[in-house]
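# Inside the fold
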Amino acid sequence: MTKVLVEPAASVNEVNRISSGTIVKGELYSEGDIRIDGKVDGKVYSKGKIVVGEKATMKGSLMCGVTDFWGKMDGDIYVKDMLSLKSTSETNGSIHTRRFEVEVGAKINGTCKMISEAEYDKIIEGVKGKTEVPVLKKA
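It should be emphasised that the depicted structure is a prediction, and the values quoted were computed from it without experimental measurement.

### Some details on the overall build of the protein chain
In terms of helices and strands, the protein chain carries 1 helix and 9 strands. Mapped from its N terminus to its C terminus, the protein chain presents α and β elements in the order β-β-β-β-β-β-β-β-β-α. Split into buried and exposed, the 139 residues of the protein chain put 37% on the buried side. Put simply, 11% of the contacts in the protein chain that link residues at least 6 apart link residues at least 24 apart. Total accessible area on the protein chain is roughly 8400 Å²; 52% of this is exposed by carbon and sulfur atoms.

### Side note on the environment of alanine 106
Among the secondary structure elements, alanine 106 is positioned in the loop between strand S8 (90–102) and strand S9 (107–114). On the basis of relative accessibility, which here comes to 18%, the residue alanine 106 falls in the buried class. Note: C-alpha distance between alanine 106 and tryptophan 70 (36 residues apart in sequence) is 8.5 Å.

### Describing the pairing of S8
Sheet topology places strand S7 (residues 72–85) next to S8; 10 bridges connect them, and they run parallel. Across the sheet, residue lysine 72 finds its bridge partner in S8, namely glutamate 90. As judged from the 8 bridges shared by S8 and S9, these two strands associate in the parallel manner. Residue pairing across strands places glycine 93 opposite glycine 110, the latter belonging to S9.

### Quick word on the packing of aromatic side chains
Ring pairs (aromatic) are described by centroid distance and by the angle formed between their planes. By the definition in use, this model includes 1 aromatic pair. Taking the centre distance of 6.2 Å and the plane angle of 45° together, the rings of tyrosine 29 and tyrosine 45 count as tilted. In this pair, tyrosine 29 sits in strand S2 (residues 23–30) while tyrosine 45 sits in strand S4 (residues 39–46), placing the two residues 16 residues apart along the sequence. A relative accessible area of 18% places tyrosine 29 in the buried class. A relative accessible area of 7% means that tyrosine 45 is categorised as buried.

### A few points about the side chain of serine 84
By secondary structure assignment, the location of serine 84 is in strand S7. Here serine 84 falls in the buried class, since its relative accessible area comes to 3%. Among the polar contacts listed, one links the side chain of serine 84 to the side chain of lysine 86, at a separation of 3.0 Å. The residues contacting serine 84, other than those within four sequence positions of it, are Thr67, Asp68, Phe69 and Glu101.

Here is what the cut-offs are and how they apply
- Residues numbered from 1 in each chain as written.
- Predicted model: local features only at pLDDT ≥ 70, side-chain atom pairs only at ≥ 80, totals over all residues.
- Heavy atoms only, no water.
- Helix = DSSP H or I, 4+ residues; strand = E, 2+ residues; numbered from the N terminus.
- Buried < 20%, exposed > 50% of the residue type's maximum accessible area, 1.4 Å probe, protein only.
- Contact = heavy atoms within 4.5 Å.
- Areas by Shrake-Rupley, 256 points an atom, 1.4 Å probe, with all protein chains shown as cover.
- Pairing = 2+ DSSP bridges.
- Phe/Tyr/Trp six-rings, centres within 6.5 Å; stacked < 30°, edge-to-face > 60°.
- Polar contact = N/O pair within 3.5 Å; in protein donor to acceptor, adjacent residues only side chain to side chain.

What follows is the structure, given as structure tokens:
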């Protein structure tokens, strides 16, 4: 008899949330998805998807696999796959991504560099070397 390992489907309760009215200062690291509707001053890293809501404000850096961005960012964005800047978004800083989508009305003040997945991995390893970043491993 063969054993089949089935990974459980992600539920909405497994998404990390920074709600409106919440302020986070420092570094946030997650294996899972993150939804930001509050204010973040620091570094946010996720192996998954980060959604930044319309009223969210960020200062620092954002690093993840995929991003849907409606809010405001003062700092650098690093996305391994797809960055989608929505019409209400405003970014002030450098953007590094493999794929890029911009809706009419989005504001971009800074630079944009298209990178490969390998370049993203190298950048993340460089960032990990400069700070006390915990190594994220699947349980």
